[in-house]
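Observations on the model geometry
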Amino acid sequence: MLLDLTGKKALVTGIANNRSIAWGIAQQLHAAGAEIGVTYLPDEAGKFEKKVRTLVEPLNPTLFLPCNVQDDAQIATTFEEVKAQWGNFDILIHCLAFANRDDLTGEFVNTSRDGFKMALEISSYSLTVLAQAARPLLNAGGAIVTLTYLGGVKVIPNYNVMGVAKAALEMSVRYLAAELGPQNIRVNAISAGPIRTLASSAVGGILDMIHHVEAIAPLRRTVTQTEVGNAAAFLCSDLASGVTGQILYVDSGYEIMGM
Ligand code: NAD
Ligand code: 0WE
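Residue positions within a chain follow its written sequence, with the count starting from 1. Each chain gets a letter, beginning with A, and each ligand a number, beginning with 1, in the order they are written. Thresholds applied to this predicted model are a pLDDT of at least 70 for local features of residues and 80 or more for the giving and counting of side-chain atom pairs; totals over whole chains, interfaces and linings are not thresholded and use all residues. Only hydrogens and water are removed before side-chain values are computed, so all heavy atoms of the structure are retained for them.

For the rest of this paragraph, the subject is the pairing of strand β6 (residues 186-192). Burial here depends on accessible area, computed with a 1.4 Å probe over protein chains only, as a share of the maximum for the residue type. Under 20% is buried, over 50% is exposed, and the range in between is partly exposed. Each helix is a run of H or I in the DSSP string that is no shorter than four residues. Each strand is a run of E no shorter than two, and both are numbered from the N terminus. The buried fraction of β6 is high, at seven of seven residues. Here, the term right-handed applies to a crossover whose path from the first strand over the helix to the second runs clockwise when the strands point away from the viewer. In this fold, strand β5 (residues 138-148) hands off to helix α5 (residues 160-180), which returns the chain to β6; that crossover is right-handed.

In structure tokens form, the structure reads like this:
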């Protein structure tokens, strides 16, 4: 059997620009034959929308919808549109995270109540609320994939409240996999190694972290958005029909190293 997503419809969240991991995923799902729908985070000026619209044009998306995961009304409208235009669908890609910048430096012990709520709402709860809304529309054999990071399992300096959010996200994957499994919907996460993106480049010291991975990881290099996209295509395909509730490390093997 070859990797084939022909006839499958995939809704991809989290594309901000051409460096986004979600963009790497959307391209590889499209290359495998999937029909693509895109949601983006709307902003007042509409600059973001225009940028993402131009970027994704080559994939001929059949859906292009604003969806801020902090807004229940936008989530409801998104899935009403999905229902109206697609009916059912097969693949949901959750590829978004956010924490206040102040909470990604200094000591975790100083995390504010609002900062904690914000990080966990956007980065963790959003998977559950999107799965909740998608569930009635997802075909049997469907798949949900989210993106996580080693900082949800081990202490990574400055990742702080995002680490706690990723731990919650990874456990959400297991509960969702257990509950959606009987409907033959699989839920998995990819734990990607550090990649330079909009979100990661805003973080101090990301280049040093990338150089550390290049020195230590078995493959002696970091991973690309395309490699994460290929792993996502596999997890969404029938080749992974027996795989659910898992965290798949796409990190050049960094995670296995103890010393
Ligand atoms: P990115 O900045 O390209 O993507 C983050 C996305 O989150 C953006 O598209 C942004 O619009 C979206 N977003 C933020 N708040 C939102 C909201 N309220 N509603 C809807 N969307 C919102 O950066 P990225 O690195 O591609 O991040 C994508 C995912 O990959 C995140 O979950 C991140 O934690 C994860 N990840 C990144 C790395 C890395 O090193 N870059 C490594 C492992 C995991
Ligand atoms: O999940 C992420 C990035 C998450 C992220 C990044 C930002 C920067 C800009 C969430 N929210 C914000 N908010 C902002 O205002 N990664 C896995 C990339 C990343 O982020 C780190 C890392 C790595 C790797 C933060 C500290 C240490 C390492």
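We are not done yet, so read on.
Further remarks concern the sheet that holds strand β2 (residues 35-40). Strand order in this open sheet of seven strands is β3-β2-β1-β4-β5-β6-β7, and the pairing throughout is parallel. The open sheet has two free edges, formed respectively by β3 (63-66) and β7 (247-250), since each of these has just one partner strand. Sheet twist, expressed as the mean angle between neighbouring strand axes with direction ignored, is 20 degrees. For two strands to pair, DSSP has to find at least two bridges joining them. Pairing analysis gives four bridges linking β6 to β7, with the strands arranged parallel. Residue pairing in the sheet places Ile190 in a bridge with Leu248 of β7. In the packing of helix α1 (residues 21-31) onto the sheet, the strands contacted are β1 (9-12), β2, β4 (89-94) and β5, and the crossing angle to β1 comes to about 170 degrees. Lying on the sheet, helix α8 (residues 225-236) is in contact with β4, β5, β6 and β7; it crosses β6 at an angle near 165 degrees. In this description, a line fitted to the C-alpha atoms serves as the axis of each element, helices being fitted only across the stretch in contact, and the angle between N-to-C directions of two axes falls anywhere from 0 to 180 degrees. When checking whether two residues touch, look at their non-hydrogen atoms; a contact exists if any pair is within 4.5 Å.

On to the site of ligand 1, then. In this text, near means that some heavy atom of the residue lies within 4 Å of the molecule or strand in question. For ligand 1, the set of nearby residues contains 26 residues, the closest of which are Gly14, Ser20, Lys166, Ile195 and Thr197. Each polar contact in these results corresponds to two N or O atoms within 3.5 Å; when the atoms are within protein, one needs to be able to donate a hydrogen and the other to accept it, and residues that are neighboring in sequence are counted only if both atoms are side-chain atoms. For ligand 1, an oxygen atom lies 3.5 Å from a polar atom in the backbone of Ala16. Each accessible area is a Shrake-Rupley result for a 1.4 Å probe, and residues are judged covered by the shown protein chains and nothing else. In isolation ligand 1 offers 820 Å² of accessible surface; the protein chains occlude 92% of this area. When atom positions are compared with the pocket grids, ligand 1 is found to occupy the largest pocket. Definitions used throughout: a 1 Å grid over protein atoms alone; a cavity as a set of points that fits a 1.4 Å probe which cannot get out; a pocket as an open set with protein on both sides within 12 Å along at least five of seven lines; a lining residue as one with an atom within 4 Å of a point. Any molecule with more than half of its atoms within 2 Å of a cavity's or pocket's grid points is counted as sitting in it.

This paragraph deals with the site of ligand 2. As a structural note, the neighbourhood of ligand 2 is formed by 14 residues, with Ala99, Tyr159, Ala199, Val203 and Met209 the closest of them. One nitrogen or oxygen atom from the main chain of Ala99 is found 2.7 Å from a nitrogen atom belonging to ligand 2. Tyr159 is positioned such that a nitrogen or oxygen atom in its side chain is 2.7 Å from an oxygen atom of ligand 2. Burial of ligand 2 by the protein amounts to 88% of the accessible area it has alone, namely 600 Å². Its atoms largely coinciding with the cavity grid, ligand 2 occupies the largest pocket. At the level of secondary structure, the elements contributing two or more residues to the shell around ligand 2 comprise α6 (198-201) and α7 (206-216).

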